[in-house]
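Listed below, chain by chain, are the residues.
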Amino acid sequence: MKKTTLFPALLALGMGAVGCTSHYQIASVSRQRIVVDSRYDSHPDAQATAFLAPYKAKVDSVMSPVMGVAARDLDKRRPEGELSNLLSDIMVWAGKDYGEQPDFGIYNIGGIRAALSKGTVTYGDINDIAPFENKIAFITLTGEQTLELFRQIAKRGGEGVSHGVELVITADGQLLSARLNGKEIDPKGAYRVVTIDYLAQGNDGLSAFKNGSNLNSPQGESDNSRFIIMNYFKAQHAQGKEVDAKVEGRIVVRE
């Protein structure tokens, strides 16, 4: 007992003594921005390179496997972007693996952390897009709740929505109209939505999800959104297809 209490006491006493006897004062504060870019590639630090080599080899072995091929540059944008469209469609596509038939999918712009360049797409590329531990989630909304969800999406200036969703919004975030597969939303109807669990919990301004029902959100590692995205790319690659997406008027802004 004495050994466990004596050292902290001595440490505290020593620190107090230093604090009391120190005459140092801050004379000035300055800062500068150091740009780290390709200029350092031409003069690499040999010692640092050698130290990092085994770690780089390990990371590359995990991140470099090819998942598929992107037909064009894909990025997220509001009110609508190719990549945000694609990820929403992929969530709907994955429904079959869970015995689900979602009416539409939602993927938030904030959850998409990188763009895709045309050409080969690796594990690392998809990990950059979806680095979080978000799991796929299926939830049922009433027609009224669906309209409230679309109003919240309009207020945010757009989010990723799947094919078949047609929203007309204003520049100041008002919902003018909402259709699904060419039909008006039935306020008394019920709609099965696929998204990620983070949104199903009502986060990122989409609180309409909080009132949903019949939640199905498996929490296994393979249920992570990035692995579902990888599965889609691998499936397309196995069929000799490039992954493509385009802006098609899913969310239109009108004055």
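Structure's up top.
These remarks concern the structure in this document.

Calculation rules
What you see as residue numbers is a count from 1 along each chain, following the sequence as written. Only residues with pLDDT of 70 or above have their local features reported here, since the model is predicted, and side-chain atom pairs are shown and tallied only from 80 upward, although totals for entire chains, interfaces and linings are computed over all residues. To obtain the side-chain values, all non-hydrogen atoms of the structure were used and water was disregarded. The salt bridge definition used is simple: a Lys or Arg side-chain nitrogen within 4 Å of an Asp or Glu carboxyl oxygen. Buried residues are those whose accessible area, probed at 1.4 Å on protein chains only, stays under 20% of the maximum for their type, while exposed residues exceed 50% and partly exposed ones sit between those limits. Put simply, DSSP H or I for four residues or longer makes a helix, DSSP E for two residues or longer makes a strand, and each gets a number counted from the N terminus. Two strands pair if DSSP finds at least two bridges between them. Here, residues are in contact when the closest pair of their heavy atoms is within 4.5 Å. Note on method: axes are straight lines fitted to C-alpha atoms, helices fitted across the in-contact stretch only, with angles between N-to-C directions ranging 0 to 180 degrees.

### Comments concerning the pattern of salt bridges
- For the structure on display, the rule yields 12 salt bridges.
- We note a salt bridge from Arg-77 to Glu-82, for which the minimum N-O separation is 3.1 Å.
- Arg-77 sits in the partly exposed class, given a relative accessible area of 36%.
- A salt bridge links Glu-148 to Arg-151, with the shortest nitrogen-to-oxygen separation between them at 3.1 Å. Of this pair, Glu-148 and Arg-151 both sit in helix H5 (residues 143-155), separated by three residues, roughly a single helical turn.
- The partly exposed category is assigned to Glu-148, whose relative accessible area is 31%.
- Shared partners join several salt bridges into a network, and the residues in it are Arg-78, Arg-156, Glu-159 and Asp-204.

### So, the sheet that holds strand S5 (residues 160-161)
- Strand order in the open sheet formed by five strands is S5-S2-S9-S4-S10, and the pairing between neighbours is mixed. Bordering the open sheet on either side are S5 and strand S10 (213-216), each of which pairs with just one other strand.
- For strand S2 (residues 104-107) and S5, the ladder comprises two bridges, and the chain directions are antiparallel. Bridge assignment links Tyr-107 to a residue of S5, and that residue is Gly-160.
- Helix H3 (residues 82-93) rests against S2, strand S4 (136-142), S5 and strand S9 (190-196) of the sheet, and its axis sits at about 130° to S2.

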